[in-house]
Amino acid sequence: MAYVHRVVQAGPCVEHKKMQSFRVHTKGVTRSPNRGHTTEKQAKINERTTEERLRWKLNANFGYRDLHAVLHYFDKERTFDQCRADLALFFKRLRRLCKKHGIPLRYIAVTETKRMTNIHHHVILNRMDPEIIAEAWEGVEGGGGISFRPLDRRGNHFKLASYLMKESKSTMERYREAGKRGKRFSCSQNLVEPVITYKVVSASSWRKEPKARKGAAL
């Protein structure tokens, strides 16, 4: 029996996966239209796939001392639609400030809307002076404090990706309640994409315990 060996190179991280289904999209082939409701099984697959995409983008673009900023509100009565507009305005202001200071801007953003907490935004950013981020957020109506946490040295941000996916579940519920299709995360267009390759391998040649590259950390 043949398998598909998927290799994903995302920044310093290399992921290997053995796949039983040869569901590799041929270049130029488009997806068929969605039909009916998503089953629970398919919803779990979609969740896992989205988390993979988020993890790969984080690993490929952000590293040690880049920033995880959480944007809070002074105005606790901001609506979901207002908060979405606020985030767009924040990035508009931040782009202008980064251009002024000659700093590139890369980001991934997730909005959290849990019922028991106030709406806030998680933003992963390339390293810069926090004062620049604060200035951009203070210019947004209702914008409040900011929590900062630098990323660690590990390079594999799988825990962060899992956390952000969990925090964004409530936001997807808000979209569904409004009859809209939303995204779990948004990101800047200048992010480096992971390199993904597929190779068909025979079952006999597959190593149950793949050997790590020299110098690699597990």
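As a starting point, this report considers the structure included with it.

Rules and cut-offs
Residues numbered from 1 in each chain as written. Predicted model: local features only at pLDDT ≥ 70, side-chain atom pairs only at ≥ 80, totals over all residues. Heavy atoms only, no water. Salt bridge = Lys/Arg side-chain N within 4 Å of Asp/Glu carboxyl O. Helix = DSSP H or I, 4+ residues; strand = E, 2+ residues; numbered from the N terminus. Buried < 20%, exposed > 50% of the residue type's maximum accessible area, 1.4 Å probe, protein only. Axes fitted to C-alpha atoms, helices over the stretch in contact; angles between N-to-C directions. Parallel < 35°, antiparallel > 145°, perpendicular 65-115°, else oblique. Left-handed = near helix turned anticlockwise from the far one by under 90°. Contact = heavy atoms within 4.5 Å. Nonpolar A, V, L, I, M, F, W, Y, C, P; charged D, E, K, R; others polar. Core = buried A, V, L, I, M, F, W, Y, C linked by side-chain atoms within 4.5 Å. Patch = residues over 30% accessible without salt bridge, like charges linked within 9 Å, V, L, I, M, F, W, Y side chains within 5 Å. Areas by Shrake-Rupley, 256 points an atom, 1.4 Å probe, with all protein chains shown as cover. Lys, Arg positive; Asp, Glu negative; His and termini not counted. Charge placed at Lys NZ, Arg CZ, Asp CG, Glu CD. Pairing = 2+ DSSP bridges. Expected span 1.5 Å × (residues − 1). Arc of directions from axis to C-beta.

### Section: the pattern of salt bridges
Here is step 1 of the chain: Evaluation of the coordinates by the stated rule reveals ten salt bridges.
Here is step 2 of the chain: With its nearest N and O atoms 3.2 Å apart, the salt bridge here joins arginine 6 to glutamate 52. Here the residue arginine 6 occupies a position in strand β1 (residues 2-10), and glutamate 52 occupies one in helix α1 (residues 40-61), the gap between them amounting to 46 residues. Each member of the pair arginine 6 and glutamate 52 is classed as buried.
Here is step 3 of the chain: One network of salt bridges, with partners in common, ties together Arg6, Lys17 and Glu52.

### Quick word on unusual backbone geometry
Here is step 1 of the chain: In the Ramachandran plot, arginine 65 falls in the positive-phi region, its phi being about 75° despite a non-glycine side chain.
Here is step 2 of the chain: Within the fold, arginine 65 resides in the loop between α1 and β3 (67-73).
Here is step 3 of the chain: A residue is classified by how much of its surface remains accessible, and arginine 65, at 39% relative accessible area, is partly exposed.

### Quick word on the packing of helix α2 (residues 80-101) against helix α3 (residues 130-138)
Here is step 1 of the chain: It is at 8 Å that the axes of α2 and α3 come closest, and there the two elements cross at 140°. Here α2 lies oblique to α3, going by the angle between them. Here α2 runs over α3; the crossing is right-handed. Of the residues in α3, those in contact with Asp86, Phe90, Arg93, Leu94, Leu97 and His101 of α2 are Ile132, Ile133, Glu135, Ala136 and Trp137.
Here is step 2 of the chain: Partitioning the contact of α2 with α3 into residue classes produces seven nonpolar, one polar and three charged.

### A closer look at the nonpolar core
Here is step 1 of the chain: Formed by 23 residues in total, the largest nonpolar core has its most connected members in Phe90, Phe91, Leu94, Val123 and Leu125.
Here is step 2 of the chain: Residue assignment for this core shows that the elements contributing at least two residues are β3, α2, β4 (107-112), β5 (120-125) and α3.
Here is step 3 of the chain: When residues in this core are grouped by element, the largest group, seven residues, is from α2.
Here is step 4 of the chain: Not counting residues within four places of it along the chain, the set of residues in contact with phenylalanine 90 comprises Leu71, Ile133, Ala136, Trp137 and Val140.
Here is step 5 of the chain: Within the second largest apolar cluster, 13 residues are counted, among which are Ile108, Val110, Leu160 and Ala161.

### Digging into a negative patch on the surface
Here is step 1 of the chain: Together, Asp129, Glu131, Glu135 and Glu138 make up a region of like negative charge exposed at the surface.
Here is step 2 of the chain: Take glutamate 135: it is sitting in helix α3.
Here is step 3 of the chain: On the basis of relative accessible area, glutamate 135 is assigned to the partly exposed category, the value being 40%.

### Here we look at the sheet that holds β1
Pairing between sheet strands relies on hydrogen bonds along the backbone, with the strands arranged either parallel or antiparallel.
Here is step 1 of the chain: Spatially, the three strands line up as an open sheet ordered β2-β1-β8, and their pairing is antiparallel. Looking at which strands have only one partner, the edges of the open sheet turn out to be β2 (13-19) and β8 (195-202). Sheet twist, expressed as the average angle between the axes of neighbouring strands with direction ignored, equals 20°.
Here is step 2 of the chain: Across eight bridges, β1 lies against β8 in antiparallel orientation. Paired with histidine 5 across the strands is lysine 199, a residue of β8.

### Side note on the sheet that holds β3
Here is step 1 of the chain: If you trace the five strands from one edge of the open sheet to the other, you get β6-β3-β5-β4-β7, paired in antiparallel fashion. Here the strands that pair on one side only, and so sit at the sheet edges, are β6 (143-150) and β7 (186-187).

### Details of α2
Here is step 1 of the chain: End to end, α2 covers 32 Å across 22 residues, agreeing with the expected 32 Å (1.5 Å per residue, within 8%).
Here is step 2 of the chain: Phe80, Cys83, Asp86, Leu87, Phe90, Phe91, Leu94, Leu97 and Cys98 are the residues of α2 that are buried. Burial along α2 is one-sided: seen end-on, the buried residues are contained in an arc of 135°. Away from its buried face, by an angle of more than 90 degrees, α2 presents the exposed residues Lys92, Lys99 and Lys100.
Here is step 3 of the chain: Contacts from the buried residues of α2 go to β3, β4, β5, α3 and α5 (169-177).
Here is step 4 of the chain: In the stretch just after α2, glycine 102 is the one whose phi turns positive, near 70°.

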